[in-house]
Structures are given as C-alpha cells and as structure tokens.
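# Residue-level structural notes
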Amino acid sequence: MKHIKSIETKHHEERDAFFEGLRRLDRRGFMKLAGLSAGIVAAKSLITPHSFQLVSVADAAPSARPRFTFAYISDTHLYKKELNDRFVRSILRAVDDVNRLDPQPDFVLFGGDLAQLGKKEELDLGREILKAVKAPVRMMVGEHDWFLDMGEHWRTNFGEPQYSFDHKGVHFVTLMSVNEKDFWTERGMTPEERMQTVAGLDNGVQSRFEVGAAGREWLKQDLAKVDKKTPLIIFSHSPLYKYYRPWNFWTEDADEIQALLKPFENVTVIHGHTHQMLSNQIGNIQFHGMLSTAWPWPYAPEGLPSLTVQMNRADPFSNFDGCGDGRFDVTAEGLADKLYNLWDRDPVTVRSSYLASKGKKDRPAATKLPSY
C-alpha cells in the first residue's frame, strides 16, 4: 500500500515544530516566552485550548538518555474501509507520528485489537497499513482479532500470539491474555455470534479473560531461563491486574501471573484494551495502560488504580480527542518512562520513578477538568 500522509498529520506538523523549539529553550527564555504568551492572551481576551498547559511543556525537558526507546500503536479496531474510514485515518495518523520520531525507535509495539470483528479483510488492511512503519513492528493480539476464527488468520499474518525476545539487556514477553472458557459450543453459536459476544465485553454470557493454564506454563518455562536481575517488560492486551470485572477490564488469573513475575527485580507490564491512561504498581511490578487510536473508554466506576492520573472527559465532537499513540523510554535500570502522545492535547509523561515512589516523586500534572 502506498503510504499517504494523513491531512491531520500535515495540520499538526507546525505545532509539533513549535513545541520542539520550546523544549530547546533555557528556563529564562521559556519563562519570557510564557509571560509574553499570557500577556497576548489576556490582552485579546482569548480562551486557551482546554488542554494547553505551559507548565507541562516546561517540565518536558529531556532527562538522562534512555537505554533505548520503543513506540506503540494500539487498539485500531479496523472495519473494512468502505464501512468506516475514520478508524483508517486514525491508524494512518499514528503511523505518521511514529515515522516522524527522530531518532527512530528500536521497534514499535502494536498493542492488540487491530481488527474490530476479526475478519480477514480487516486484519489484512491493518497488516498493509503497518507495512509503512519504518521501524520493526512487534505484534500483540487482542480479543477482537481472535474470536471469529480462533486466531487462524492472525497466525497466518503474524505468527504465534505468545513469544519472547531479548533486546539490549531486557527480556520481553508477549502474552496471549484474552483466552476465554468455551461459552459458545453448548449454545450452538456461529463464529460470527461468538465474535459479536466477545466484542460486547459487558454481557453476562462470556467468561473473563485469562492467560490460561497452558499460557502460564509456557511463561514459567520461558522465565526459568532468565536471570532474576534481568529487567522484564511484559506485553499483555488485557491488564494483568483486576480492574473492573463487569466490563472485562480484567484478567482472571492475573494473581498467578504476578506470582511468576515477583522474583524479578524490575518488571514492567504494558497493556492495551482499556483505551485510557492507566498507571498502577503492585509489589515490584509497574503497569502502564495504552491509548487507543479508535476511541477512548470512560474510567470504570470502581477499581481504578490509585496512581492513575486521569484524563479529562473527551470532547464528543472531536474524532481524535482522548486518543493517541506514544513512546516508552527504557531507563538504565530497565524500567520504562511512558510518553502519552494525546492527540489534540499536550503530551503526558508518566515516569517509572512516579510509580516506584508510589506517587511521591515526579507526579504528572492533573487535569483541572472532570475525568470521564
């Protein structure tokens, strides 16, 4: 597929260049510019955009050089482009974002739910678009990719859904975390009915997600070969903690997975599925939830991890508000600083030091508007 730069990307290039220029200013120069901007706004009685925070830009100065960087794109939920080209435009924008990073990331993680209904044409469309990414792409499967044909076409396109690799001193594991117990055979469901049921998330028919006994044994055998001082980064589509069961923001055997990870000194788990900024720390394990390019989910009414700095409510008239992509800077210790590239808002960085200190250090700026 010939790569076409999205119109949204073109409109945002000047803004990106402006913010990059701000990052290169020293403190005195920045404060002078900030004061000038505030004076212009006051003189003209202008209302600044709801997410524009000059202080957060000042705090965005780069820290020590990371060991390496990888980017992410997640939860694109593609239909056939004839049915919904909005989601196609969103993934094109994300690809443009990643391709403009300088320096380029070591690789790009795709965080799952490439398709909406697991159809061949949806998965094939996503595969063709992701071919335009300059950096190598690592794939993770989501439930929307799987339950039409139980992963047959996913394997054809991308290989096995569970695998590990080593990169610059860090051991990475990609887990298949969206297995479900069989609810469809006894009910005589067609593959389409099974897929529609799983896509619903909050029904009373399907089971909760799990890595499952076979997956846990695979993980146990994989980690047995890894030194306990080696940093671990785990990719999981569903959160490997128990957030909110009625919406299936949940992994049934999360406690058992955490027990396998507990002996290691530094562990980071990166998950998709929830379409929102999420931060959590359980024992030695840091958790980061990824943004979606398709739509933002509201926060659940209970179970939200206390370290989460909540996004404010998305603008229902903006296709991109509350969506985005991002980057992970892996530190010398093997932990990850997370940059959320929120479209139509300022970026937000959640540092590993914020999680490790239980919120006492490097807390991201909270929104002044209600969350959702």
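Presented here is an overview of the structure given in this document.

So, how was this worked out
- Residues numbered from 1 in each chain as written.
- Predicted model: local features only at pLDDT ≥ 70, side-chain atom pairs only at ≥ 80, totals over all residues.
- Heavy atoms only, no water.
- Helix = DSSP H or I, 4+ residues; strand = E, 2+ residues; numbered from the N terminus.
- Salt bridge = Lys/Arg side-chain N within 4 Å of Asp/Glu carboxyl O.
- Expected span 1.5 Å × (residues − 1).
- Buried < 20%, exposed > 50% of the residue type's maximum accessible area, 1.4 Å probe, protein only.
- Arc of directions from axis to C-beta.
- Contact = heavy atoms within 4.5 Å.
- Core = buried A, V, L, I, M, F, W, Y, C linked by side-chain atoms within 4.5 Å.
- Pairing = 2+ DSSP bridges.
- Axes fitted to C-alpha atoms, helices over the stretch in contact; angles between N-to-C directions.
- Parallel < 35°, antiparallel > 145°, perpendicular 65-115°, else oblique.
- Left-handed = near helix turned anticlockwise from the far one by under 90°.
- Nonpolar A, V, L, I, M, F, W, Y, C, P; charged D, E, K, R; others polar.

## Quick word on unusual backbone geometry
Here the residue pair Asp-102 and Pro-103 is connected by a cis peptide bond, since its omega of 5° sits within 30 degrees of zero. Summarising the element assignment, Pro-103 is placed in the loop between α4 (85-100) and β2 (107-110). Unlike most non-glycine residues, Asp-75 shows phi in positive territory, near 50°. One can find Asp-75 in the loop between β1 (68-73) and α4. Phi is positive for Leu-201, which is not a glycine, with a value near 65°. Here Leu-201 lies in the loop between α8 (191-200) and α9 (212-223).

## With respect to the pattern of salt bridges
Side-chain pairing between opposite charges can occur once the charged atoms of the two side chains come close. Following the criterion strictly, the structure yields 17 salt bridges and no others. A salt bridge links Asp-106 to Lys-168; its shortest N-O distance comes to 2.8 Å. Within this pair, whereas Asp-106 is found in the loop between α4 and β2, its partner Lys-168 is found in the loop between β4 (163-167) and β5 (170-175), the two being separated by 62 residues in sequence. Note that Arg-216 and Asp-253 form a salt bridge whose closest N and O atoms lie 2.7 Å from each other. Taken together, the positions of Arg-216 in helix α9 and Asp-253 in the loop between β6 (232-236) and α10 (254-261) put the pair 37 residues apart, joining distant regions of the chain. What emerges from the salt-bridge pattern is a single network uniting Lys-120, Asp-124, Arg-127, Glu-128 and Lys-131.

## Let's talk about α9
Relative to the 16 Å expected for 12 residues at 1.5 Å per residue, α9 spans 16 Å between its end C-alpha atoms, a close match to the ideal helical length. Regarding α9, the residues found buried are Gly-212, Gly-215, Leu-219, Asp-222 and Leu-223. With its buried residues spanning 90° around the axis, α9 presents them on a single face. α9 presents Ala-213 and Ala-214 as exposed residues on the side facing more than 90 degrees away from its buried surface. Contacts from the buried residues of α9 go to β4, β5, β6 and α10.

## A word on the nonpolar core
The nonpolar side chains of soluble globular proteins are, as a tendency, buried together. Judged by nonpolar contacts, the single largest core of 51 residues is most densely connected at Phe-70, Phe-172, Ile-234, Phe-235 and Leu-261. Beyond its immediate stretch of four places on either side in the chain, Phe-172 contacts Phe-68, Phe-70, Phe-107, Tyr-163, Ser-164, Phe-165, His-167, Ile-233 and Phe-235.

## Brief notes about the side chain of Asn-280
Locating Asn-280 in the fold gives a position in strand β8 (residues 278-282). Ignoring any residue separated from it by four or fewer positions in sequence, one finds Asn-280 in contact with Tyr-241, Ile-285, Gln-286, Phe-287, Pro-305, Leu-307 and Leu-355.

## Digging into the sheet that holds strand β3 (residues 137-139)
On the basis of which strands lie adjacent, the open sheet formed by six strands has the order β3-β2-β1-β10-β11-β12 and mixed pairing. Only two strands of the sheet have a single partner each, and these edge strands are β3 and β12 (348-350). Within this sheet the neighbouring strands show an average axis-to-axis angle of 25°, counted without direction. In terms of strand pairing, strand β11 (residues 336-342) meets β12 through three bridges, oriented antiparallel. Directly across from Lys-338, in β12, lies its bridge partner Val-350. Packing of α4 onto the sheet brings it into contact with β1, β2, β10 (324-330) and β11, and relative to β1 it is tilted by some 170°.

## Quick notes on the sheet that holds β5
Taken in spatial order, the six strands line up as β4-β5-β6-β7-β9-β8 in an open sheet, and their pairing is mixed. With one partner strand each, in any of the chains shown, β4 and β8 form the two edges of the open sheet. For this sheet, the mean inter-axis angle between neighbouring strands, taken without regard to orientation, is 20°. Bridge analysis of β6 against strand β7 (residues 267-271) gives five bridges, and the strand direction is parallel. Note on β7: the bridge partner recorded for Phe-235 is Ile-270. On top of the sheet, α9 reaches β4, β5 and β6; it is set at about 170° to β5, its chief contact. The strands touched by α10 within the sheet are β5, β6, β7, β8 and β9 (285-289), with β9 carrying the most contacts at an inclination of about 130°.

## Notes on the packing of α4 against helix α5 (residues 120-130)
The geometry of α4 relative to α5 is characterised by a closest axis approach of 10 Å and an angle of 25° between their N-to-C directions. Here α5 runs roughly parallel to α4, going by the angle between their axes. As α4 packs across α5, the resulting crossing turns out to be right-handed. Contacts between α4 and α5 involve Val-88, Ile-91, Leu-92 and Val-95 on the former and, on the latter, Leu-125, Ile-129 and Leu-130. Along the lines of polarity and charge, the residues of the contact of α4 with α5 split into seven nonpolar, no polar and no charged.

## Examining the packing of α9 against α10
Closest axis-to-axis distance for the α9/α10 pair is 10 Å, and the angle between their directions is 10°. For the element pair α9 / α10, the angle class is roughly parallel. Here α9 contributes Arg-216, Leu-219, Lys-220 and Leu-223 to the contact with α10, which in turn contributes Glu-256, Ile-257, Leu-260 and Leu-261. Of the residues belonging to the contact of α9 with α10, the class tally is five nonpolar, no polar and three charged.

Geometry only, nothing functional implied.
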